[in-house]
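# Inside the fold
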Amino acid sequence: MNTSQEEYLQQFHEGTGYLNFSGIGPISEAAIAINHQMDIDLQHAKVGTAEDLSNRYVVSATQEIAQYIGVPTNQIAMQPNTSEGLFQAAFSLGQIDGHVPVVLLNNHEFPSNFYPWKRAESAGLLKTRTYSGDATAENIRPYLDGVDVLALSAVDFQTGFRVDLDEIREAIGDRLLVVDGIQAFGASPMDWKLADVLLVGGQKWLRAGWGSGFMYCSQRALERCDKPLLSGWFGTQTPHLYDALLHDPAKGIERFSITALDPMASGRLSAAMHLVNSVGVEWIFGRINDFALRLGADVERLGGRLLRSDDPRHQSTVLPLSFEGKDPAGIGKVLTDAGIVCSVHPKTVRISPHATSSQETYDLLVTSLSEALKQ
């Protein structure tokens, strides 16, 4: 293990048993330090403090994200969360080739990537169509006629299925591809440049805390999403001209802003992205995958299954466990009582470790599962 990897691991201190990074990721010492220093600066505010805090980490966060994706910085904008960014996308499409755009969705999509499109549909701005099953080219292709936009999640929050963006991009051609990347960004290697619009909240796998996130738009998306109905005063060409007039939206990605954002969130996101870039997502994913491979073998020994694709392209860091004939809620209660933090779904217990998940945590999980299955 090199110095950067050791330093990365030393940044985090989640408690033994914490295995719910798909829900919320405990933040780093670096993120805490930045947040604390900015709080102190605000406590002792003086001339220029507000302006300095507002701008201090937006540039560095944008640069770190752009480096990670491999795109220009002017195609990245801060957002407070995934949902708000998706609403911006849904309410910005306008007509495409003279008709109301049609958006294709999975009929079991997570609500954050469902509500924006349905709300926009109820306002008469677009139409939606749905398909069933995993987000594969095979499942999507029969529904593409007349579709202008495909919106999907990079990783299914329940099954852990990871989308093959290369396959999807080839299948949909020049249709817009809108991706909710929150369950993959920073933990699963993917070519994010294949998305036209990417929305990521920083509170899960990036471990940047609530209120942090960003939006990436390709040049094609910026050209097509030219009706930013949710653009607020901060998203105009002249955000500091207070003349009680409605100003034109900004020409670039800044148009997708409602108001000024939390500068502390940008600071935490900058620190989080720097840590990811310092070790690389492949190393992070490799450590999580090692955990998954060990867990799969132990769960099978206990009579259960780790529901994970055999195809590495579709494997993620979300690990649903199934025990036939056993109540997931009952298993979840035993795990919780033992100190395991996980997520219980109707048919599975969802485990989501990170690169920092310890051997002690792994041992506690396997021991607790064994105890739960005896009951």
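Residues numbered from 1 in each chain as written. Predicted model: local features only at pLDDT ≥ 70, side-chain atom pairs only at ≥ 80, totals over all residues. Heavy atoms only, no water.

## A look at the nonpolar core
Counting residues in each nonpolar core, the largest one holds 55 residues, and the members touching the most others are I69, F185, W192, L198 and F214. Here this core takes six residues from helix α10 (residues 263-279), the largest share from any one element. One finds W117, A120, I253 and F256 within the second-largest nonpolar core, a separate group that totals 24 residues. (Core = buried A, V, L, I, M, F, W, Y, C linked by side-chain atoms within 4.5 Å. Buried < 20%, exposed > 50% of the residue type's maximum accessible area, 1.4 Å probe, protein only. Helix = DSSP H or I, 4+ residues; strand = E, 2+ residues; numbered from the N terminus.)

## Thoughts on the side chain of R268
Relative to the assigned elements, R268 resides in helix α10. For the buried R268, no salt bridge exists, and the shortest N-O distance to an oppositely charged side chain is 4.5 Å, to D262. Other than its neighbours up to four places away in sequence, R268 contacts I27, A31, I34, N35, A208, G209, W210, G211 and S212. (Lys, Arg positive; Asp, Glu negative; His and termini not counted. Salt bridge = Lys/Arg side-chain N within 4 Å of Asp/Glu carboxyl O. Contact = heavy atoms within 4.5 Å.)

## Considering the sheet that holds strand β11 (residues 349-351)
Across the sheet, which stays open at both edges, the four strands sit in the order β8-β9-β11-β10 with antiparallel pairing between neighbours. Taken across any chain shown, the strands that pair with only one partner, and hence form the sheet edges, are β8 (305-306) and β10 (343-344). Both β8 and strand β9 (residues 319-322) contribute to a ladder of two bridges, which runs antiparallel. When the bridges of β9 are listed, L306 appears paired with L321. The strands touched by helix α11 (residues 281-301) within the sheet are β8, β9 and β11, with β9 carrying the most contacts at an inclination of about 0°. (Pairing = 2+ DSSP bridges. Axes fitted to C-alpha atoms, helices over the stretch in contact; angles between N-to-C directions.)

## Focus: the environment of G213
The residue G213 is located in strand β7 (residues 213-217) in this model. The spatial distance from the C-alpha of G213 to the C-alpha of E282 is 21 Å, given a sequence separation of 69 residues. Excluding residues within four positions of it along the chain, G213 makes contact with M78, Q79, V200, G201, G202 and L269.

## Overview of the packing of helix α1 (residues 3-10) against α10
Two numbers describe how α1 lies on α10: the axes approach to 9 Å, and their chain directions differ by 145°. At the point where α1 passes α10, the crossing takes the left-handed sense. On α10, the residues that touch S4, Q5 and Y8 of α1 are L275, S278 and V279. In terms of residue class, the contact of α1 with α10 is made up of three nonpolar, three polar and no charged. (Left-handed = near helix turned anticlockwise from the far one by under 90°. Nonpolar A, V, L, I, M, F, W, Y, C, P; charged D, E, K, R; others polar.)

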